Amino acid sequence: EDETWLKVYDWRAVCDFEEAFHERVLARRILIMCAYPIAQRGAGELLDSARAHHLVLARRRGSWDVLETPTLKGTKAEIQRTNEELERRVAERTKQLARSAQYLIAGERLSHTGSFGVDVTTDRFNYASAESLRLFGFKSGDALPPRSDVMARMHPDDRPGVEADIQATIAEKRDTESEFRVILPDGKTRYLHSTRHPVLDDAGNVIELLGTAVDVTERKRAADRLARARRSAREKALEARFAAALEERTRLAREIHDSLL
């Protein structure tokens, strides 16, 4: 937009037009540049025109100067304050998320509970916590292992039942749980209890399985020790009853023998 043709008596109308035009294009992604001859306009006229523009460029003594209107300065200052506040909130939220992640890691480690997510389409892990990898004998710093490698760590006798439960979770869209043994690389056996939950898309198809794995080895061993203790107590009770019965029979036999003599 070139204003060199305007006369002095047209200036007020042009300023009103520019202000109205500015309001019309304010929300549009458009760049409009207006040229004014500084030598032909007074300072007051240029200030009047500057109020209708976001940015003013003036060429003086061969160099360009940027002049900002109070509105633009205020807007930029407000944007800067908003950005600083947003960055502060993002930094604070990042710290909170980092703390929450540390709490989760510590909680899983203390409770021996791992979490994981499996993509049903690709049959690969979307996520596996450090504790879940440790429970199956994998290192947390390595890449996520294929699900086939994880299944290979299960005891051969338990593997078919776990696979059947997984397929039931997908086909019937319901939660399932399994208890199985894991053979670790060092040959030790670990008992795990796993739960699975299906995640559905908008069409109702299962797209992911969310699950947990809990180390129940100590509980299992404690139950076995208790069962052995109960079995031993029953055996001792039977032995005591047998000994008492034998002693009573021996006493009766002795009395009968003495009576006969």
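Residues numbered from 1 in each chain as written. Predicted model: local features only at pLDDT ≥ 70, side-chain atom pairs only at ≥ 80, totals over all residues. Heavy atoms only, no water.

A short note on unusual backbone geometry
Residues apart from glycine generally show negative phi values, whereas peptide bonds are mostly found in trans. A positive phi angle, close to 55°, is found at H112, a residue other than glycine. Tracing the chain through its elements places H112 in the loop between α3 (70-111) and β3 (113-119). In this model, K173 sits at a positive phi of 55°, which is unusual for a non-glycine residue. For K173, the position within the fold is in the loop between α6 (159-172) and β5 (176-183). (Helix = DSSP H or I, 4+ residues; strand = E, 2+ residues; numbered from the N terminus.)

Remarks on the side chain of E108
In this fold, E108 is placed in helix α3. Despite its burial, E108 pairs with no opposite charge; the closest candidate is R109, at 8.7 Å N-O. Contact partners of E108, with chain neighbours within four places excluded, come to T113, G114, S115, S129 and E131. (Buried < 20%, exposed > 50% of the residue type's maximum accessible area, 1.4 Å probe, protein only. Lys, Arg positive; Asp, Glu negative; His and termini not counted. Salt bridge = Lys/Arg side-chain N within 4 Å of Asp/Glu carboxyl O. Contact = heavy atoms within 4.5 Å.)

Re a positive patch on the surface
Residues R225, R228, R230, R231 and R234 make up a contiguous surface patch of positive charge. Tracing the backbone through its elements, the reader meets R225 in helix α7 (residues 217-260). (Patch = residues over 30% accessible without salt bridge, like charges linked within 9 Å, V, L, I, M, F, W, Y side chains within 5 Å. Areas by Shrake-Rupley, 256 points an atom, 1.4 Å probe, with all protein chains shown as cover. Charge placed at Lys NZ, Arg CZ, Asp CG, Glu CD.)

Section: the side chain of E208
For E208, the position within the fold is in strand β7 (residues 206-215). There is no salt bridge for the buried E208, and the closest opposite charge comes from R147, which lies 12 Å off by N-O distance. At 3.2 Å, the side chain of E208 and the side chain of N126 are in polar contact. With residues up to four places along the chain from it excluded, the contact list for E208 reads G117, V118, V120, N126, H197, P198 and V199. (Polar contact = N/O pair within 3.5 Å; in protein donor to acceptor, adjacent residues only side chain to side chain.)

Things to note about the pairing of strand β4 (residues 124-128)
Bridging between β3 and β4 involves four bridges; their strand directions are antiparallel. In the strand pairing of β4, G117 is matched with Y127. Connecting β3 to the next strand, β4, in antiparallel fashion are four residues, including D123 with a positive phi near 55°. (Pairing = 2+ DSSP bridges.)

Remarks on α6
The end-to-end C-alpha distance of α6, which contains 14 residues, comes to 20 Å, matching closely the 20 Å that a straight helix rising 1.5 Å per residue would cover. Every buried residue belonging to α6 is among V162, I166, A168 and T169, and all of these are buried. Buried residues along α6 cover an arc of 155° about the axis, so they all sit on one side. Facing away from the buried side of α6 by over 90 degrees, the exposed positions are P160 and A171. On its buried face, α6 sits against α5 (147-152), β5, β6 (189-200) and β7. Among the residues trailing α6, K173 stands out with phi positive, at a value near 55°. (Expected span 1.5 Å × (residues − 1). Arc of directions from axis to C-beta.)

So, the pattern of salt bridges
For the structure on display, the rule yields eleven salt bridges. Across the salt bridge formed by E85 and R88, the nearest N and O atoms sit 2.5 Å from each other. Placement of the pair is E85 and R88 together in helix α3, with a separation of three residues, close to one helical turn.

Digging into the packing of aromatic side chains
Considering all chains together, one arrives at two aromatic pairs under this definition. Measuring from centroid to centroid gives 6.2 Å for F116 and F125, while their planes differ by 85°, and the two rings are edge-to-face. Here the two residues F116 and F125 agree in accessibility, since each one is buried. Here the basic side chain of R153 rests over the ring of F138, its NZ or CZ set 4.0 Å away from the ring centre. (Phe/Tyr/Trp six-rings, centres within 6.5 Å; stacked < 30°, edge-to-face > 60°. Lys NZ or Arg CZ within 6 Å of the ring centre and 35° of its normal.)

Brief notes about the environment of S140
Within the fold, S140 resides in the loop between α4 (130-135) and α5. Taking relative accessible area as the criterion, S140 reaches 48% and is therefore assigned partly exposed. Sequence separation between S140 and A128 is twelve residues; the distance between their C-alpha atoms is 8.7 Å.

What to know about the nonpolar core
The biggest cluster of nonpolar side chains holds 20 residues, and the ones touching the most others in it are F136, M154, V162, F180, V182 and L192. Among the elements of the structure, β3, β4, α4, α5, α6, β5 and β7 are those that each provide at least two residues to this core. Discounting residues that sit within four places of it in the chain, M154 has contacts with F136, R159, V162, F180, R181 and V182. (Core = buried A, V, L, I, M, F, W, Y, C linked by side-chain atoms within 4.5 Å.)

Honestly, that's just the spatial picture; any functional story needs more than this.
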